[in-house]
Amino acid sequence: MSSHERSAGATGSGSSPTSTGDRTRWGLLVGASLVGTSLGAYELVPASVTPLIRESLGVSASGAGLLVSVMFGTAVLASLPAGVVLDRTNSRWAVAAAVGLLLVAGGWGWLAATAGDYPSLLASRVLGGVAYVVVWNAGIDVVGRSFPPERRATAVATFTASGPIGFALGQGAGPLVAGAFGWPVVFPVFAGSAVVGLALFWPTSRGTGRATDTRTPTPTDLAAVVTDRRIWTVCLLGFLGYVLYLFVNSWAPSYLATELGLSLAVSGGLTALFPAVGVLSRVTGGVVSDRLFGGLRRPVVLVSFVVATPIVAAFTAVRALPVVVAMLLVAGFAIQLCLGLVFAYVRELVEPEVAATAVAFLTSVGLAGAFVSPIAAGALIEATSYGTAFAAAGVVGLLGVLLAWYAPES
């Protein structure tokens with residue numbers, strides 16, 4: 001445990017153990033998670049109405065896909081600057097401002113889509129990407145400092161589970177909204193739903209916007225975060241985890257359809273189990289770390305890669321459908337054990353005044369893996385085969401095992 005955890009008392013990261021009651025803390029967590037769920041749904045919902053977008057706007061498949069991936073790209077570039085600003089301002093107010101940006105992006109996207117203006121719609125998604133990364137970093141910052149160390153990983157991992165919940169909501173409800181009101185309406189509907197979460201988050205998060213009893217970080221403090229070997233180790237673990245996560249998410253459906261002869265609907269439905277199990281897995285990673293390992297983070301991350309690696313590497317060697325489904329579930333659970341936990345892990349390696357910068361740096365590096373993975377995997381599949389690509393993903397997992405073995409403990 002780092003020096004700031006010892007000095008901060010029961011809650012760590014500079015907040016008082018009695019600053020918020022349990023009911024208020026959990027209200028804050030639920031509110032922040034609802035905002036995160038809305039943003040996740042807004043981020044992915046174009047994928048659920050891709051045929052309508054292509055027909056209406058006359059764009060290619062890659063052009064329609066860019067409406068989703070541009071938010072990942074924006075987050076990679078905007079995350080670290082956002083974290084630096086959060087450490088110098090108030091994360092609670094930043095969440096409110098980001099929801100305001102999201103409402104603007106949703107309305108802008110609706111107007112652009114209705115007018116058939118693809119460049120303008122794409123620009124609205126960039127603004128939405130900025131809102132997303134601010135809420136993600138600020139939410140982890142506020143949630144992390146509001147819970148005591150023995151429950152911190154559980155709380156942070158629970159917040160990060162809003163991502164897969166939002167993805168599932170966007171995929172499932174997007175076509176229903178589009179069918180009832182027209183596909184352009186999906187943008188303001190899912191953006192506007194964030195207001196519900198903000199209404200709960202705002203009154204329960206008073207006094208949590210900044211770490212107490214801390215000084216304003218200097219440029220030297222911030223530079224120390226991004227040059228710290230320990231921070232880089234955890235960030236690389238996040239990068240490798242997201243590479244595996246997006247690799248399976250992106251290419252398992254086409255593998256099941258082209259190699260096993262399943263319909264696209266069935267292959268997509270089966271692959272949906274992979275991220276969906278993350279709702280349970282991410283929370284479990286935090287609970288196991290807090291309760292079973294007494295606050296140690298490294299063992300859970302190590303187990304995550306040890307279990308997932310051989311399953312991903314051997315995925316194409318199995319043809320029996322029940323076994324394939326079981327492998328998807330186990331791999332999805334194992335990989336996502338660490339995807340929420342690493343955000344609690346990284347902030348415990350630094351002083352409280354630069355915790356948001358550390359989280360933002362991890363977000364940027366991790367999402368770079370999410371951005372690169374589907375593209376690199378697609379190129380490898382085209383050049384070789386699915387078997388080679390999944391074996392290469394196994395090598396990525398092996399690197400995660402080795403890195404986790406030598407990673408520092410928080």
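Residues numbered from 1 in each chain as written. Predicted model: local features only at pLDDT ≥ 70, side-chain atom pairs only at ≥ 80, totals over all residues. Heavy atoms only, no water.

> How would you explain helix α5 (residues 91–115) if you had to name every residue and give the values?
Helix length check: α5, at 25 residues, gives a terminal C-alpha distance of 36 Å against a target of 36 Å (1.5 Å per residue), a fit within 8%. For α5, the complete set of buried residues consists of Ser-91, Arg-92, Ala-94, Val-95, Ala-98, Val-99, Leu-102, Ala-105, Gly-106, Gly-109, Ala-112 and Ala-113. Contacts from the buried residues of α5 go to α2 (22–48), α3 (50–57), α4 (61–88), α6 (118–146), α9 (186–192) and α10 (194–204). For α5, the N-terminal cap is Asn-90; the gap from its side-chain oxygen to the backbone nitrogen of Arg-92 is 2.9 Å. The positive-phi residue at the C-terminal boundary of α5 is Gly-116, with phi of around 70°. (Helix = DSSP H or I, 4+ residues; strand = E, 2+ residues; numbered from the N terminus. Expected span 1.5 Å × (residues − 1). Buried < 20%, exposed > 50% of the residue type's maximum accessible area, 1.4 Å probe, protein only. Contact = heavy atoms within 4.5 Å. Polar contact = N/O pair within 3.5 Å; in protein donor to acceptor, adjacent residues only side chain to side chain.)

> Describe α2, naming the residues involved and giving the relevant values.
In this model, α2 (27 residues) spans 38 Å end to end at C-alpha, consistent with the 39 Å of a helix rising 1.5 Å per residue. Considering bend angle alone, the principal kink of α2 is centred on Tyr-42 and spans about 30°; proline Pro-46 follows within four residues of it. Judged by how many residues are buried, α2 sits mostly within the fold: 20 of 27 residues are covered. (Bend = angle between axes of the 7 residues up to and from the residue.)

> Help me get a handle on the nonpolar core, residues and values and all.
Grouped together as the largest cluster of nonpolar side chains are 129 residues, with contacts concentrated most on Tyr-242, Val-301 and Phe-343. By residue number, the principal contributor to this core is helix α17 (residues 321–347), which donates 16 residues. Setting aside its immediate chain neighbours within four residues, Tyr-242 contacts Trp-136, Arg-282, Leu-339, Phe-343, Gly-366, Leu-367, Gly-369 and Ala-370. (Core = buried A, V, L, I, M, F, W, Y, C linked by side-chain atoms within 4.5 Å.)

> Which residues make up the layout of surface pockets, and what values go with them?
The volume enclosed by the largest pocket comes to roughly 1500 Å³. Leu-44, Ala-47, Val-68, Asn-249 and Ser-250 are the residues nearest the centre of the largest pocket, which is lined by 44 residues in total. At the level of elements, α2, α4, α6, α8 (162–181), α12 (229–258), α13 (264–271), α14 (273–276) and α18 (355–383) are the ones that each hand at least two residues to the lining of the largest pocket. The element that contributes the greatest number of residues to the lining of the largest pocket is α4, accounting for eight residues. When the residues that make up the lining of the largest pocket are grouped by side-chain class, the tally is 29 nonpolar, 13 polar and two charged. (1 Å grid on protein atoms, 1.4 Å probe; cavity = no way out; pocket = protein on both sides within 12 Å on 5 of 7 lines; lining within 4 Å. Points joined across faces, edges and corners; volume = space filled by probe spheres on them. Nonpolar A, V, L, I, M, F, W, Y, C, P; charged D, E, K, R; others polar.)

> Give me the environment of Val-142: which residues, what numbers.
Relative to the elements of secondary structure, Val-142 occurs in helix α6. Distance from Val-142 to Leu-337, taken between C-alpha atoms, is 21 Å for residues 195 residues apart in sequence. Beyond its immediate chain neighbours, meaning those up to four positions away, Val-142 contacts Leu-28, Ser-91, Arg-92, Phe-201 and Thr-208.

> Describe the confidence of the model for the chain, listing the residues and the values that go with them.
Per-residue confidence for the chain averages 87 on the pLDDT scale, and 93% of its residues sit at or above 70. In the model, residues 1–20 has pLDDT below 50 throughout and makes 50 contacts with residues more than four positions away in sequence or in other chains. (pLDDT = per-residue confidence, 0-100.)

> Kindly report on the pattern of salt bridges, identifying the contributing residues and their values.
Applying the stated criterion to the full structure yields six salt bridges. In this structure, Asp-228 and Arg-230 form a salt bridge, with 2.9 Å as the shortest nitrogen-oxygen distance. The shortest N-O distance in the salt bridge between Glu-348 and Arg-297 comes to 2.7 Å. Of the two residues, Glu-348 is situated in the loop between α17 and α18 and Arg-297 in the loop between α15 (278–292) and α16 (298–313); the sequence distance between them amounts to 51 residues. On the basis of relative accessible area, Arg-297 is assigned to the buried category, the value being 1%. (Salt bridge = Lys/Arg side-chain N within 4 Å of Asp/Glu carboxyl O.)

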